[in-house]
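# Residue-level structural notes
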Amino acid sequence: MAEPTTIMPISKVWQPPPQSVYKLNFDAAIFTNLNCSRFGATIRNDKGEVMATMSVKGPPVTNNEEAKALACRKALEFSIDASFSELIIEGDNANVMRVVCSLLSNHSLLGHIIKDVKCLMSGLQYVSVNSIRREGYKAAHVLARNVKNTLDDMSWLEDSIPPVVDALYQDLINIYE
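Here the structure is a predicted model, which is why all the values come from computation and not from measurement.

Attention now moves to the pattern of salt bridges. The full count for this structure, using the stated rule, is 6 salt bridges. For aspartate 27, the salt bridge goes to lysine 68, with nearest N and O atoms at 2.6 Å. Taken together, the residues aspartate 27 in strand β1 (residues 22-31) and lysine 68 in helix α1 (residues 64-81) connect sequence positions 41 residues apart. Assigned by exposure class, aspartate 27 and lysine 68 land together as buried. In this structure, lysine 68 and aspartate 92 form a salt bridge, with 2.5 Å as the shortest nitrogen-oxygen distance. Note that lysine 68 is positioned in helix α1 and aspartate 92 in the loop between β4 (86-91) and α2 (94-100), a separation of 24 residues in sequence.

Its location among the elements puts asparagine 45 in the loop between β2 (36-44) and β3 (50-58). A polar side-chain atom of asparagine 45 sits 2.9 Å from the main-chain amide nitrogen of lysine 47. Beyond its immediate sequence surroundings of up to four residues, asparagine 45 is in contact with Trp14, Pro17, Val21, Tyr22 and Met51.

This part is about the pairing of β4. For a regular strand, side chains alternate in direction, first toward one face of the sheet and then toward the other. Counting buried residues in β4 gives 5 out of 6 residues, a clear majority hidden from the surface. Alignment of β1 against β4, held across 4 bridges, turns out to be parallel. Note on β4: the bridge partner recorded for lysine 23 is isoleucine 88. Across 6 bridges, β4 lies against strand β5 (residues 126-131) in parallel orientation. Bridge pairing in β5 places glutamate 86 opposite tyrosine 126.

Criteria and cut-off values
- Residues numbered from 1 in each chain as written.
- Predicted model: local features only at pLDDT ≥ 70, side-chain atom pairs only at ≥ 80, totals over all residues.
- Heavy atoms only, no water.
- Salt bridge = Lys/Arg side-chain N within 4 Å of Asp/Glu carboxyl O.
- Helix = DSSP H or I, 4+ residues; strand = E, 2+ residues; numbered from the N terminus.
- Buried < 20%, exposed > 50% of the residue type's maximum accessible area, 1.4 Å probe, protein only.
- Polar contact = N/O pair within 3.5 Å; in protein donor to acceptor, adjacent residues only side chain to side chain.
- Contact = heavy atoms within 4.5 Å.
- Pairing = 2+ DSSP bridges.

In structure tokens, the structure reads:
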């Protein structure tokens, strides 16, 4: 596998990936009152069709970067488990996205998580890493935020839950505006 490509400029709308490549969008939400975080991810094809989605409970975290790094790792694990090996990975924390595609070692407190992400990416046939504004991946945001009261981890293949359907539609409609 080649090293991940550099981060493209931050986009405001979801863009479909090239044919035969899948787009993995992920997000994290912090719930200090519940002493946990929650991660959401969607994998879509070049037509914007949902291939897989997940919403999982995460550990308590101290800040946004920690939550996003953990969400990236969990989303990649989910993608690999679901047999996706050609991915464009998008998240909204530009610092995390920059660090995961950097060739340099990371010696920060999140270094072990970043190392895991890089290790997971090294097993992919194709990988590109982008930073995108939250408006550009509403579905992953909904999965992280709006499923907070569910204790179970959930995943769907070629389907998504009703609260996400509207967000998926909004992501697609923005392409044509």
